[in-house]
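# Topology and contacts: notes
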Amino acid sequence: MLLNWTVMILYNYFSAMFVGPGYVPLGWTPEKSQDCMYLQYCKVCQSYKAPRSHHCRKCNRCVMKMDHHCPWINNCCGYQNHASFTLFLLLAPLGCIHASFIFVMTMYTQLYNRISFGWSSVKIDMSAAKRDPRPIIPFGLSAFAASLFALGLALGTTIAVGMLFIIQMKVILTNKTSIESWIEEKAKDRIQYYQTGEIFIFPYDMGSKWKNFKQVFTWSGIPEGDGLDWPVRDGCHQYSLTIEQLKQKADKRVRSVRYRAVEDYSGVCCPVTKGVKTFFTTPCTEEPRIALSKGDLILATRGLKHWMYGEKILDSAADGGIRERGWFPRKCVEKCQYDSETDQPVDGEKKNR
């Protein structure tokens, strides 16, 4: 049984790794040319981003139904490997629970034969078993320490991977990836900020957990659809989510604040020369840092107390300039005279936009 767990765990692990999430074809465009206005364009892949797809900086491709990039499989979790990845997260804790049971029973039976109870103390003799002088496998102090260490690893894996499995099952049953959940939260914030009165409905939740489940897990092992076109619930548009993404992108451009670099920054993760607080409060994220030279212009979109995230303007063109995104120390920049990428709109104008 333990060997069976091992085979199934490794099979699903390598399937998730080598099958991959599925990528949007390079140069892809929708069948109807008028639908391009609802989609974002990826300059790296030279194609439009299909619904539910996102560009992964690690894979350097647009991934279909991207949930996240997993460093443990060195690949993204997406459309094609979501089922294999989730099964791996299920089988690994089950195999570890089985192994934990074996370790516990082994240590119990071996220690039971070595414990003697006196009037005032309990003594454990690890040299040999008292009741069974011929054990099948010698169990000394080193074997006990190894079993105890393996038990800790098994229990730790069960808890950590089990929590990831619960998160992925929530993603599958709601048919809403981690990125899409973040988009939905930003949609609510945008509507509340501008008080537009519109209602955003997530289009890909079919309203039934079983229907959402069947989109990922099938008898053939191949997920439903082609990863480019997705069924939507009644009352929603095929491009409802992508339209919302375009609105959020335009809103981010309006809210962005322009800064100018006053100090050089090499782009290291934990800069020593930028202060102790900057060193110890570096953002715990996989997002990159950007190197700054004195005089560079940056459009900041969000920030922490000692760090900011934004886009460095490399091209002076008003629109369509090439930008490099990442974190940089707040100490290295100062705010420009005007506070947005365009002109200097007042608060009322921002509210209307």
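Quick caveat: nothing in here was measured; it's all calculated off a predicted structure. (Residues numbered from 1 in each chain as written. Predicted model: local features only at pLDDT ≥ 70, side-chain atom pairs only at ≥ 80, totals over all residues. Heavy atoms only, no water.)

### So, the packing of aromatic side chains
Between two aromatic rings, the relevant description is the distance of the centres plus the angle of the planes. Per the counting criterion, the structure on display carries 13 aromatic pairs. Ring centres of Y13 and F14 lie 5.3 Å apart, and the angle between their planes is 75 degrees; on these two criteria the pair is classed as edge-to-face. Between the aromatic rings of Y38 and Y239, the centroid separation amounts to 5.5 Å while the plane-to-plane angle is 25 degrees, which identifies the pairing as stacked. One end of the pair, Y38, is in the loop between α1 (2–19) and β1 (41–42); the other, Y239, is in the loop between α5 (209–216) and α6 (240–255), and 201 residues separate them in sequence. On the accessibility criterion, Y38 (26% relative accessible area) is partly exposed. One cation-aromatic arrangement involves R289 over W307; the distance from NZ or CZ to the ring centre is 5.6 Å. If you follow R302 out to its NZ or CZ, it ends over the ring of Y309, 4.1 Å from the centre. (Phe/Tyr/Trp six-rings, centres within 6.5 Å; stacked < 30°, edge-to-face > 60°. Helix = DSSP H or I, 4+ residues; strand = E, 2+ residues; numbered from the N terminus. Buried < 20%, exposed > 50% of the residue type's maximum accessible area, 1.4 Å probe, protein only. Lys NZ or Arg CZ within 6 Å of the ring centre and 35° of its normal.)

### Digging into the UniProt feature "transmembrane region" (unreviewed entry) in the chain
The feature "transmembrane region" (unreviewed entry), as given by UniProt, occupies residues 6–24, 87–108 and 136–167 in the numbering adopted here. For residues 6–24, the helix share is 74%, the strand share is 0%, and the end-to-end C-alpha distance is 33 Å. As a span, residues 87–108 carries 100% helix and 0% strand, and end to end its C-alpha atoms are 32 Å apart. (UniProt positions renumbered as here; feature names shortened; annotations may be inferred.)

### As for the environment of R289
Tracing the backbone through its elements, the reader meets R289 in the loop between α7 (276–280) and β10 (297–303). With 35 residues separating them along the chain, R289 and E324 place their C-alpha atoms 9.5 Å apart. Not counting residues within four places of it along the chain, the set of residues in contact with R289 comprises Y265, G267, V268, C269, T282, P283, W307 and W327. Polar side-chain contacts of R289 include one of 2.8 Å to the backbone oxygen of P283. Only 3.1 Å separates the side chain of R289 from the backbone oxygen of E287, close enough to count as a polar contact. (Contact = heavy atoms within 4.5 Å. Polar contact = N/O pair within 3.5 Å; in protein donor to acceptor, adjacent residues only side chain to side chain.)

### Notes on the environment of G140
Along the chain, the position of G140 falls in the loop between β8 (122–124) and α3 (141–174). Given a relative accessible area of 24%, G140 falls into the partly exposed group. Along the backbone, G140 and Q110 are 30 residues apart, and their C-alpha atoms lie at a distance of 9.3 Å.

### Focus on the nonpolar core
Judged by nonpolar contacts, the single largest core of 19 residues is most densely connected at V24, W28, L228 and L241. When residues of this core are assigned to their parent elements, the largest contribution, three residues, is made by helix α4 (residues 178–194). Those residues in contact with V24 that lie beyond four places of it in its chain are S47, Y48, A50, S53, R61, C62, M64 and L228. V257, I290, M308 and C332 belong to the second largest nonpolar core, which has 15 residues in total. (Core = buried A, V, L, I, M, F, W, Y, C linked by side-chain atoms within 4.5 Å.)

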